[in-house]
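One-letter residues, chain by chain:
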Amino acid sequence: MNRLALALIIALAPLVAATSAGACGMYRPVEEAELLMAKSVIEKGDAALARKELRTALRQYNRAMSATGSRSLRATAAIKAGQVYEQLGRTKQAVRRFERAVRIAPLFADAHMALGFALIDTKPKKAIVHLEGALAASTQGTVDAHAGLAIAYARAGDAAKAKSHLQNARLNGASVERIIAAEKVVEQGALAAVATRS
């Protein structure tokens, strides 16, 4: 056997062993332990947040975000870290965490929702992309995206789409706070449009 073939066998042996062990279910307890650990760290963050210990919560969420485990758990940790950054008034860091959540789990509606709402005031067109992404990724739990889209479209100057999404938000049961916020922005957009025509 030549040296190249021998080196190749030696290099691939761990991969073959890992693949075989994974197929036999040998790694399942490790994966489950990592998943439980990530959930536990997120729960510790939630408990710290409930006690208003924002920095402790942030440390726990960042830790969970870096852990191995399911993409949705890591993305959830990133979203929660972003929400804590928002409470601390650190918008740029919040947006970075939400962007990371989208990178971790591109099809996770909650990640797109969080990023979309974070971008509404500064980048409404980019917010539209992510809020539309949230609607496309899930039919459940994204009704607030319609209220966000009403705001984003109003800020982007598309009154017709803003009104349409506001109506969808009302019909589909978006949260009262989101609907009120959307109504204000859509109304302001309508008043501004009338003022520019006069």
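Caption draft 1: Region of the structure containing the packing of aromatic side chains. Under the definition given, this model contains zero aromatic pairs. The lysine or arginine in question, Arg178, covers the ring of Phe117, its NZ or CZ lying 3.7 Å from the ring centre.

Caption draft 2: Seen up close, the layout of surface pockets. Empty space within the largest pocket amounts to approximately 210 Å³. Around the largest pocket, the lining is made up of eleven residues, and of these Gln83, Met113, Ala114, Phe117 and Arg178 lie nearest the centre. At the level of secondary structure, the elements contributing two or more residues to the lining of the largest pocket comprise helix H4 (71-87) and helix H6 (109-119). With five residues, H6 is the single largest residue contributor to the lining of the largest pocket.

Caption draft 3: The arrangement of the environment of Gly148 in detail. Relative to the elements of secondary structure, Gly148 occurs in helix H8 (residues 143-156). Under the relative-accessibility criterion, Gly148 is labelled buried at 0%. Taking C-alpha positions, Gly148 is 8.8 Å from Ala181, a pair spaced 33 residues apart along the chain.

Caption draft 4: Seen up close, the packing of helix H3 (residues 54-66) against helix H5 (residues 91-104). Across the interface, H3 lies against H5 with an axial gap of 12 Å and an inter-helix angle of 25°. Classified by the interaxial angle, the pair formed by H3 and H5 is roughly parallel. Relative to H5, the crossing made by H3 is left-handed. Here Asn62, Met65 and Ser66 of H3 lie close against H5, whose contacting residues are Arg97, Arg100 and Ile104. Considering only residue class, the contact of H3 with H5 consists of two nonpolar, two polar and two charged.

Caption draft 5: Quick look at helix H7 (residues 124-137). Its 14 residues place the ends of H7 20 Å apart at the C-alpha level, agreeing with the 20 Å of an ideal helix rising 1.5 Å per residue. Residues of H7 that are buried: Pro124, Ala127, Ile128, His130, Leu131 and Ala134. Where the residues of H7 are buried, they touch H5, H6 and H8.

Caption draft 6: Region of interest: the pattern of salt bridges. A complete count under the given rule lists six salt bridges for this structure. Between Lys80 and Asp46 there is a salt bridge; the shortest N-O distance is 2.9 Å. With Lys80 in helix H4 and Asp46 in helix H2 (residues 28-50), this residue pair connects regions lying 34 residues apart in the sequence. The class for Lys80 is partly exposed, based on a relative accessible area of 22%. Its salt-bridge partner being Arg155, residue Asp121 comes within 2.4 Å of it at the nearest N-O pair. Residue Asp121 is found in the loop between H6 and H7, and its partner Arg155 is found in helix H8; the two are separated by 34 residues along the sequence. Overall, the relative accessible area of 61% leaves Asp121 in the exposed class.

Caption draft 7: A look at the side chain of Asn62. Mapped onto the secondary structure, Asn62 falls in helix H3. Looking at Asn62, its side chain comes within polar contact range of the side chain of Arg97, at 3.0 Å. Setting aside its immediate chain neighbours within four residues, Asn62 contacts Ala81, Tyr85 and Arg97.

Calculation rules
- Residues numbered from 1 in each chain as written.
- Predicted model: local features only at pLDDT ≥ 70, side-chain atom pairs only at ≥ 80, totals over all residues.
- Heavy atoms only, no water.
- Phe/Tyr/Trp six-rings, centres within 6.5 Å; stacked < 30°, edge-to-face > 60°.
- Lys NZ or Arg CZ within 6 Å of the ring centre and 35° of its normal.
- 1 Å grid on protein atoms, 1.4 Å probe; cavity = no way out; pocket = protein on both sides within 12 Å on 5 of 7 lines; lining within 4 Å.
- Points joined across faces, edges and corners; volume = space filled by probe spheres on them.
- Helix = DSSP H or I, 4+ residues; strand = E, 2+ residues; numbered from the N terminus.
- Buried < 20%, exposed > 50% of the residue type's maximum accessible area, 1.4 Å probe, protein only.
- Axes fitted to C-alpha atoms, helices over the stretch in contact; angles between N-to-C directions.
- Parallel < 35°, antiparallel > 145°, perpendicular 65-115°, else oblique.
- Left-handed = near helix turned anticlockwise from the far one by under 90°.
- Contact = heavy atoms within 4.5 Å.
- Nonpolar A, V, L, I, M, F, W, Y, C, P; charged D, E, K, R; others polar.
- Expected span 1.5 Å × (residues − 1).
- Salt bridge = Lys/Arg side-chain N within 4 Å of Asp/Glu carboxyl O.
- Polar contact = N/O pair within 3.5 Å; in protein donor to acceptor, adjacent residues only side chain to side chain.

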